[in-house]
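Single-letter residue listing:
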Amino acid sequence: VLLGARMSSATLAVVAAAGLPVAFGVGLLAGFSTLAAGVFAFLYGACNGALTIARGTLPLTLFDPATYGATVGRLLLPGFLASAVAPMLYAVVTSHGGGTAALLMSLAAALVALAAAIALRRITLERRTS
């Protein structure tokens, strides 16, 4: 929010996506620390909120604004499906591997999201220079 006008949506996506692995790392190292739990909750919430903003604005930098609605609709479908499957997947992972396994799975997903955000930022930079 503080950097809003000075940061592109692609850069915001990278910064927010970079914070998620940090949040999950803190969660993994936290043990029973109240301070670490607070840091995890703050980082996760802030990064997730920033990613929500980037998710809504990034398609405008990548695709034709005239087809924004249809494009975003197609892009949201996989995320909605993943959100539908996630509770069952986390229940299975948690029941077999505990909370640590669930945090490790979240860390892995966050690293994939970071790689995707970096790739999208490169695409937006290439489009600006060409």
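Structure's up top.
The sections below set out a description of the structure shown in this document. (Residues numbered from 1 in each chain as written. Predicted model: local features only at pLDDT ≥ 70, side-chain atom pairs only at ≥ 80, totals over all residues. Heavy atoms only, no water.)

1. As for the overall build of the protein chain
When helices and strands are tallied, the protein chain shows 3 helices and 0 strands. Ordering the α and β elements of the protein chain from the N terminus gives α-α-α. Projected onto its principal axes, the C-alpha coordinates of the protein chain cover approximately 50 × 30 × 20 Å. A burial count over the protein chain gives 25% of its 130 residues as buried. Across the protein chain, every contact between residues at least 6 apart in sequence was considered, and the portion connecting residues at least 24 apart equals 66%. Summing over all exposed atoms, the protein chain offers an accessible surface of approximately 8,300 Å²; the carbon and sulfur share of this is 74%. (Helix = DSSP H or I, 4+ residues; strand = E, 2+ residues; numbered from the N terminus. Buried < 20%, exposed > 50% of the residue type's maximum accessible area, 1.4 Å probe, protein only. Contact = heavy atoms within 4.5 Å. Areas by Shrake-Rupley, 256 points an atom, 1.4 Å probe, with all protein chains shown as cover.)

2. Concerning the packing of helix 1 (residues 9-30) against helix 2 (residues 34-62)
At their nearest, the axes of helix 1 and helix 2 sit 8 Å apart, and the two run at 155° to each other. Classified by the angle between their axes, helix 1 and helix 2 sit roughly antiparallel to one another. For the pair helix 1 and helix 2, the crossing hand works out as left-handed. (Axes fitted to C-alpha atoms, helices over the stretch in contact; angles between N-to-C directions. Parallel < 35°, antiparallel > 145°, perpendicular 65-115°, else oblique. Left-handed = near helix turned anticlockwise from the far one by under 90°.)

3. Re the nonpolar core
A13, A17, L20, F24, L51, L58 and A117 are the most contacted members of the largest nonpolar core, which has 17 residues in total. For this core, the elements supplying multiple residues, two or more each, are helix 1, helix 2 and helix 3 (68-129). Take this core: its biggest share by element is 7 residues, from helix 1. Not counting residues within four places of it along the chain, the set of residues in contact with A117 comprises A13, V14 and A17. (Core = buried A, V, L, I, M, F, W, Y, C linked by side-chain atoms within 4.5 Å.)

4. Observations concerning the layout of surface pockets
In this model, the largest pocket occupies a volume close to 1,300 Å³. Put simply, the parts of the chain that give the lining of the largest pocket at least two residues each are helix 1, helix 2 and helix 3. In terms of residue count, helix 3 provides more of the lining of the largest pocket than any other element does, 19 residues in total. Its residues assigned to classes, the lining of the largest pocket shows 26 nonpolar, 4 polar and 1 charged. (1 Å grid on protein atoms, 1.4 Å probe; cavity = no way out; pocket = protein on both sides within 12 Å on 5 of 7 lines; lining within 4 Å. Points joined across faces, edges and corners; volume = space filled by probe spheres on them. Nonpolar A, V, L, I, M, F, W, Y, C, P; charged D, E, K, R; others polar.)

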